Amino acid sequence: MRLVIALVIGSIGGVGMWAIVVMIPAVQTEFAATRGAVSLAFTLMMFGFGLGGVIAGKITDRFGIVRAMAISIVFLGIANTLAGLSTQLWQFIAAYFLIGLGTSATFAPLMAEASHWFERYRGLAVTIVASGNYVAGTMWPPIVNFGMQSIGWRHTHIGIGIVCVVLMTVLVLVLRAQIGNDTVHDHAKAPPPRVDLKLSTNTLTVLLSIASISCCVAMAMPQVHIVAYCGDLGYGVARGAEMLSLMMACGIVSRIGSGYLADKIGGIPTLLVGSLAQGFALVFYLFFDSLASLYIISAMFGLFQGGIVPSYAIIVREAMPAREAATRVGIVIFASVFGMSFGGWVSGVIFDATGSYGAAFANGVAWNALNISIVVLLLIRSRMGSVRAGPGFAT
């Protein structure tokens with residue numbers, strides 16, 4: 001029941017990550033700005049999302065997930081209202097930074113919290129909670145697009161804030177009742193790490209952070225710009241919103257499947273599979289741009305990359321002490337959203353410089369290659385640790 005509630009909370013609170021993707025063309029027209037300038041709203045939102053994940057992670061480790069979620073609700077309500085009332089682009093961008101802070105508690109801290117509720121099916125549980133982010137990406141773009149067409153993007157933002165405050169408050173109260181007095185977990189008796197990489201916790205955190213930046217720079221190009229890309233090709237913003245929803249829907253399947261796979265083969269091999277597949281899909285974007293092919297490639301991209309980010313949380317729980325889980329996951333997710341924010345911004349800048357998205361897709365492929373090289377290194381070290389530890393060491 002906790003897992004279901006956490007999934008629904010993530011599905012509602014994750015709206016901030018996807019509303020801006022649909023609104024980029026309208027906001028660009030409203031403020032007579034460049035594509036790169038409007039993309040800064042996504043960049044600042046992701047930065048707030050990452051920074052908030054670290055802060056919310058510390059709050060969760062010390063006080064429990066309920067308090068972290070309460071703060072998240074307040075930020076989402078206020079920030080969405082401010083975005084709707086903004087009269088200048090800088091105000092809109094600043095509001096999205098606050099939206100990112102509010103959204104943060106619905107991802108990394110929730111994943112870390114869910115990892116404490118399960119032992120045997122921990123990977124599956126973590127990815128189910130992480131799927132809330134993609135459920136949001138599936139259901140919110142069409143809703144936001146409808147709201148924009150009906151009442152405009154400003155009133156749509158205010159409506160989003162009201163919905164988040166009302167529904168999430170109810171859900172968090174139910175979650176609190178489910179958890180009872182067990183609001184802060186005692187990690188002293190938690191099982192020790194199962195994977196020995198012969199690396200310090202800080203070193204592993206740095207390597208995972210660099211890897212997550214690399215994969216998410218690559219991931220950002222289709223996720224952030226697919227709507228605008230379809231508009232530029234003459235297919236219309238609505239078609240792009242449909243592709244984004246399709247991408248996220250397939251990502252849900254990928255995330256849950258990757259959790260099942262991680263329970264079987266471990267987090268690092270699962271991450272490598274996802275990284276290789278994501279690079280494969282990105283290459284297709286370079287060569288095909290017909291309407292039908294973009295639908296197919298977007299579905300492929302969602303299926304291939306959906307399990308990448310949750311794999312980092314699984315690796316943290318496999319290789320690091322449980323008492324640091326929410327904080328360490330928050331740091332790595334912060335790195336991943338920095339990659340997403342930088343990738344979303346730099347893709348817009350590349351478009352402004354070249355007049356097309358071809359170079360932006362090529363940039364994503366290059367960053368994805370860096371990610372793969374780091375994951376291969378970690379996989380080799382995990383295999384070496386397994387050999388040294390003998391047949392009884394769990395990998």
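What you see is a predicted model, and the numbers here were worked out from it, not measured in a lab.

It is worth spelling out the nonpolar core at this point. Counting 120 residues, the largest nonpolar core has Ile 9, Phe 92, Tyr 96, Met 111, Leu 208, Tyr 285 and Ile 333 as the members making the most contacts within it. If you tally residues by element for this core, the top one is helix α7 (residues 122-179), at 18 residues. Summarising the domain contributions, this core has at least three residues from each of domain 1 (1-184) and domain 2 (186-386).

Turning to the environment of Val 273, a few remarks are in order. If you trace the backbone, Val 273 turns up in helix α10 (residues 267-287). Here the alpha-carbon distance between Val 273 and Ser 214, two residues 59 residues apart in the chain, equals 15 Å.

Further remarks concern the pattern of salt bridges. Working definition: two side chains of opposite charge can pair if their charged atoms are close together. Per the counting criterion, the structure on display carries two salt bridges. In this structure, the salt-bridge partner of Arg 154 is Glu 30, at a minimum N-O distance of 3.1 Å. Of the two residues, Arg 154 sits in helix α7 while Glu 30 sits in helix α2 (residues 15-31), which places them 124 residues apart along the sequence. What makes Glu 30 partly exposed here is its relative accessible area of 44%. We note a salt bridge from Glu 242 to Arg 239, for which the minimum N-O separation is 3.4 Å.

Moving on: the packing of aromatic side chains. Inspection of the entire model under this criterion finds 18 aromatic pairs. Judged by centre distance (6.1 Å) and plane angle (70°), the rings of Phe 342 and Trp 367 are edge-to-face. Placement of the pair is Phe 342 in helix α13 (residues 325-354) and Trp 367 in helix α14 (residues 358-389), with a sequence separation of 25 residues. For Phe 342, a relative accessible area of 27% puts it in the partly exposed group.

Glancing now at the domain arrangement of the chain. The domain architecture assigned to the chain consists of domain 1 (1-184) and domain 2 (186-386). Domain 1 puts 49 residues into the contact, and the matching count from domain 2 is 53 residues. Counting each side, the surface lost to burial between domain 1 and domain 2 is near 4,200 Å², with a carbon and sulfur contribution of 69%. Applying the counting rule to domain 1 against domain 2 returns zero salt bridges. The tally of links between domain 1 and domain 2 comes to one residue pair in polar contact (both at pLDDT 80 or more). Put simply, the parts of the chain that give the side of domain 1 that touches domain 2 at least two residues each are α2, α3 (35-63), α6 (108-117) and α7. Counting residues per element, the side of domain 1 that touches domain 2 draws most heavily on α3, which supplies 17 residues. Looking at the side of domain 1 that touches domain 2, its residues break down into 26 nonpolar, 17 polar and six charged.

A few words on the environment of Ala 366. Mapping Ala 366 onto the fold places it in helix α14. For Ala 366 and Thr 354, which are 12 residues apart along the polypeptide, the C-alpha to C-alpha distance reads 18 Å.

It is the contact of helix α8 (residues 201-233) with helix α9 (residues 237-265), at a shortest axis distance of 6 Å, that shows an interaxial angle of 155°. In terms of orientation, α8 lies roughly antiparallel with respect to α9. For the crossing formed where α8 meets α9, the hand is right-handed. Seen from α8, the contacting residues are Pro 222, Gln 223, Ile 226, Val 227 and Cys 230; seen from α9, they are Val 237, Gly 240, Ala 241, Met 243, Leu 244, Met 247 and Met 248. Residue composition of the contact of α8 with α9, grouped by class: 10 nonpolar, two polar and no charged.

The rules behind the values
Residues numbered from 1 in each chain as written. Predicted model: local features only at pLDDT ≥ 70, side-chain atom pairs only at ≥ 80, totals over all residues. Heavy atoms only, no water. Core = buried A, V, L, I, M, F, W, Y, C linked by side-chain atoms within 4.5 Å. Buried < 20%, exposed > 50% of the residue type's maximum accessible area, 1.4 Å probe, protein only. Helix = DSSP H or I, 4+ residues; strand = E, 2+ residues; numbered from the N terminus. Domains from an automatic or database assignment. Salt bridge = Lys/Arg side-chain N within 4 Å of Asp/Glu carboxyl O. Phe/Tyr/Trp six-rings, centres within 6.5 Å; stacked < 30°, edge-to-face > 60°. Contact = heavy atoms within 4.5 Å. Buried area = accessible area lost by both parts, 1.4 Å probe. Polar contact = N/O pair within 3.5 Å; in protein donor to acceptor, adjacent residues only side chain to side chain. Nonpolar A, V, L, I, M, F, W, Y, C, P; charged D, E, K, R; others polar. Axes fitted to C-alpha atoms, helices over the stretch in contact; angles between N-to-C directions. Parallel < 35°, antiparallel > 145°, perpendicular 65-115°, else oblique. Left-handed = near helix turned anticlockwise from the far one by under 90°.

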